[in-house]
Amino acid sequence: MTKKILIATSNPGKLRDFAGAAKAYGIETACIPGFSSLPAVVEDGLTFEANARKKAEAYSRYAPGEIVLADDSGLEVDALAGAPGVHSARYAAPDLHNKEPHEADANTDDDANNARLLRELKNIPLSKRTGRFVCVLAAARDGKTLATFRGTAEGIILDAPRGVNGFGYDPLFYFPQIGKTFAELSAEEKAGYSHRGKAFEKLLGWCENSQECVTDQR
Ligand code: IMP
């Protein structure tokens, strides 16, 4: 019997991260069946938690009785007053005439987002390029949030990319504790340090205590 957790994301980078974090616990993760054909949830919350709850609640309605996890995550840069924050996935969206980035039609390309981040930080010395990845994970069943978990990872935004693994801002995110960017780590290594790995660990602790989180599947 294998323990399996359903994840509400089609982002291959996130799925790889979750699989990397779960592996150490002998748990399998899988995308919700048919996820790509479900209507997209508009991520218009002002916080990571609001968006994670909104996604988990909406998608859990498509998997009755199952625990469904959704995460909202992003990069907060101190020198940019916390930007890109909840807008991380669409940071490179062009000027939308007073619209907020979450109102962009689609996420923007990782390379374009990284290029914008480098432009915004031009002339800011390395010592002031501190920031953190944040991940809030929400577990919901039948449209109701059961619990949320927050994980963070503190780092420095480099002025040029390093490494080819991972996704999003990973090549620019230097993690001083190990002297590497997140893009220089395997999925399992990244899970040991990352915001998503830490939030996932908290979730697993909750599962052990509440016994209502993980569904056993043959
Ligand atoms: P969302 O959680 O789907 O709204 O998207 C979060 C966005 O934040 C991603 O598209 C990435 O740009 C960025 N992000 C979140 N977590 C990570 C990570 O682990 N590595 C790199 N970028 C990340």
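Reading guide: rules and limits
- Residues numbered from 1 in each chain as written.
- Predicted model: local features only at pLDDT ≥ 70, side-chain atom pairs only at ≥ 80, totals over all residues.
- Heavy atoms only, no water.
- Near = heavy atom within 4 Å.
- Polar contact = N/O pair within 3.5 Å; in protein donor to acceptor, adjacent residues only side chain to side chain.
- Helix = DSSP H or I, 4+ residues; strand = E, 2+ residues; numbered from the N terminus.
- Buried < 20%, exposed > 50% of the residue type's maximum accessible area, 1.4 Å probe, protein only.
- Pairing = 2+ DSSP bridges.
- Arc of directions from axis to C-beta.
- Salt bridge = Lys/Arg side-chain N within 4 Å of Asp/Glu carboxyl O.

Draft legend 1. Here's a closer look at the site of the ligand. Inspection of the region around the ligand gives 17 residues, with Lys-14, Asp-170, Lys-190, His-195 and Arg-196 positioned closest. The contact in question runs from an oxygen atom of the ligand to an N or O atom on the side chain of Lys-14, over 2.7 Å. Note that an oxygen atom of the ligand is positioned 3.1 Å from one of the side-chain N or O atoms of His-195. At the level of secondary structure, the elements contributing two or more residues to the shell around the ligand comprise α1 (12-23), β3 (68-77) and α5 (195-210). Of all the elements, β3 adds the most residues to the shell around the ligand, at 3 residues.

Draft legend 2. Just the pairing of β3, in detail. In terms of residue burial, β3 counts as a mostly covered element, since 10 of its 10 residues are buried. The alternating pattern of β3 places Val-68, Ala-70, Asp-72, Gly-74 and Glu-76 on one face and Leu-69, Asp-71, Ser-73, Leu-75 and Val-77 on the opposite face, and all of these are buried. Bridging between β3 and strand β4 (residues 130-141) involves 10 bridges; their strand directions are antiparallel. Across the sheet, residue Leu-75 finds its bridge partner in β4, namely Phe-133.

Draft legend 3. Structural view of helix α3 (residues 110-120). Those residues of α3 lying buried are Asn-113, Asn-114 and Leu-117. End-on view of α3: buried residues confined to an arc of 95 degrees, all on one side of the axis. Across from the buried face of α3, at angles greater than 90 degrees, the exposed residues are Asp-111 and Arg-119.

Draft legend 4. Quick look at the pattern of salt bridges. Tallying each qualifying case throughout the model produces 15 salt bridges. One salt bridge in this structure joins Asp-72 and Lys-55, with 3.2 Å as the shortest N-O distance. Of this pair, Asp-72 sits in strand β3 while Lys-55 is found in helix α2 (residues 48-60), placing the two residues 17 residues apart along the sequence. Residues Asp-72 and Lys-55 agree in their burial class; the two are buried. In this structure, Asp-170 and Lys-190 form a salt bridge, with 2.8 Å as the shortest nitrogen-oxygen distance. Taken together, the residues span a long stretch of sequence, with Asp-170 in the loop between β5 (144-157) and β6 (173-175) and Lys-190 in helix α4 (residues 187-193) at a distance of 20 residues.

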